[in-house]
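# Topology and contacts: notes
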Amino acid sequence: MTREDAAVELPDFDIVANLLIEEGVLAVSPAELHGLLAGQLAAGARFDADTLLRVFLELMDVSALKQETTKLGLIELYQRTLAQYESDDFDFALLLPDDDQMLAQRAEALGSWCSGFLSGFGLHTQKSQKLSAEAKEGLQDLAQIAQIAADTDADSDEDEADLMEVQEYVRTAAMLMFNECNRVPEAEAEATKQTPPTLH
């Protein structure tokens, strides 16, 4: 099986950004929105289409969505994010600006993604849930990385490499959280397997 056959890609960052602009969303950026979603999924949350859209409305601080394309786009973002988490190919990706954007802008977006992830994870993680020392350390690191924008004002090759390294760490930490919080016995997994949400 080739990578093209197996990989699930997120919608383009600019497409999601345009959807938010068209809806007049000012409270959250595309990166933070995806972080919020990824954090909730990592903590074990799952949504049908109607609940998902209500969750997105709350996260975006709007009362209703004006465009049908926005609803479809957000559901697609949910489905693809979950599919990447569940992939055996470790395809999970962060919704961030393209690499040709300014380093400071990408660093700020990464910080926003981490802030969103921590908020989303906190919304749905169970207080009784015991995380490994590695997962707890990962959460602490994400909290520090969330402040990354304040310290990033250069644009050298070394800074670029550092950002890519941090971005990969964040990606790996998110997958660790998901794997720890979504362990289900195989028999139960078969019994509770859900189909992707669709619009009615």
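Residues numbered from 1 in each chain as written. Predicted model: local features only at pLDDT ≥ 70, side-chain atom pairs only at ≥ 80, totals over all residues. Heavy atoms only, no water.

Regarding the chain, the relevant UniProt record gives this comment under Sequence similarities (unreviewed entry): "Belongs to the UPF0149 family." (UniProt positions renumbered as here; feature names shortened; annotations may be inferred.)

The geometry of two aromatic rings is summed up by the distance between their centres and the angle between their planes. Following the criterion strictly, the structure yields six aromatic pairs and no others. Centroid distance Y85 to F92: 4.2 Å. Interplanar angle 10°. Geometry classified as stacked. A relative accessible area of 1% places F92 in the buried class. Aromatic pair F92 and W113: ring centres 6.3 Å apart, planes at 65°, arrangement edge-to-face. Residue F92 is found in the loop between α5 (68–86) and α6 (103–124), and its partner W113 is found in helix α6; the two are separated by 21 residues along the sequence. What makes W113 buried here is its relative accessible area of 0%. Members of the aromatic cluster, each reached through a chain of ring pairs, are Y85, F92, W113, F117, F121 and F178. (Phe/Tyr/Trp six-rings, centres within 6.5 Å; stacked < 30°, edge-to-face > 60°. Buried < 20%, exposed > 50% of the residue type's maximum accessible area, 1.4 Å probe, protein only. Helix = DSSP H or I, 4+ residues; strand = E, 2+ residues; numbered from the N terminus.)

What follows deals with helix α2 (residues 13–22). Inspection of α2 places F13, V16, A17, L19 and L20 among the buried residues, and these make up the whole buried set. Buried residues of α2, seen end-on, are gathered within an arc of 160° and therefore sit on one face of the element. Buried positions along α2 lie against α3 (30–42), α4 (49–60) and α5. Where α2 begins, the side chain of D12 points an oxygen toward the backbone nitrogen of D14, at a separation of 3.0 Å. One or two residues past the end of α2 sits G24, with phi positive at roughly 70°. (Arc of directions from axis to C-beta. Contact = heavy atoms within 4.5 Å. Polar contact = N/O pair within 3.5 Å; in protein donor to acceptor, adjacent residues only side chain to side chain.)

Right, let's talk about a negative patch on the surface for a bit. Among the surface-exposed residues, D12, D14, D98 and D100 lie close enough to one another that they form a single negatively charged patch. When you line up the elements, D12 lands in the loop between α1 (3–6) and α2. (Patch = residues over 30% accessible without salt bridge, like charges linked within 9 Å, V, L, I, M, F, W, Y side chains within 5 Å. Areas by Shrake-Rupley, 256 points an atom, 1.4 Å probe, with all protein chains shown as cover. Salt bridge = Lys/Arg side-chain N within 4 Å of Asp/Glu carboxyl O. Lys, Arg positive; Asp, Glu negative; His and termini not counted. Charge placed at Lys NZ, Arg CZ, Asp CG, Glu CD.)

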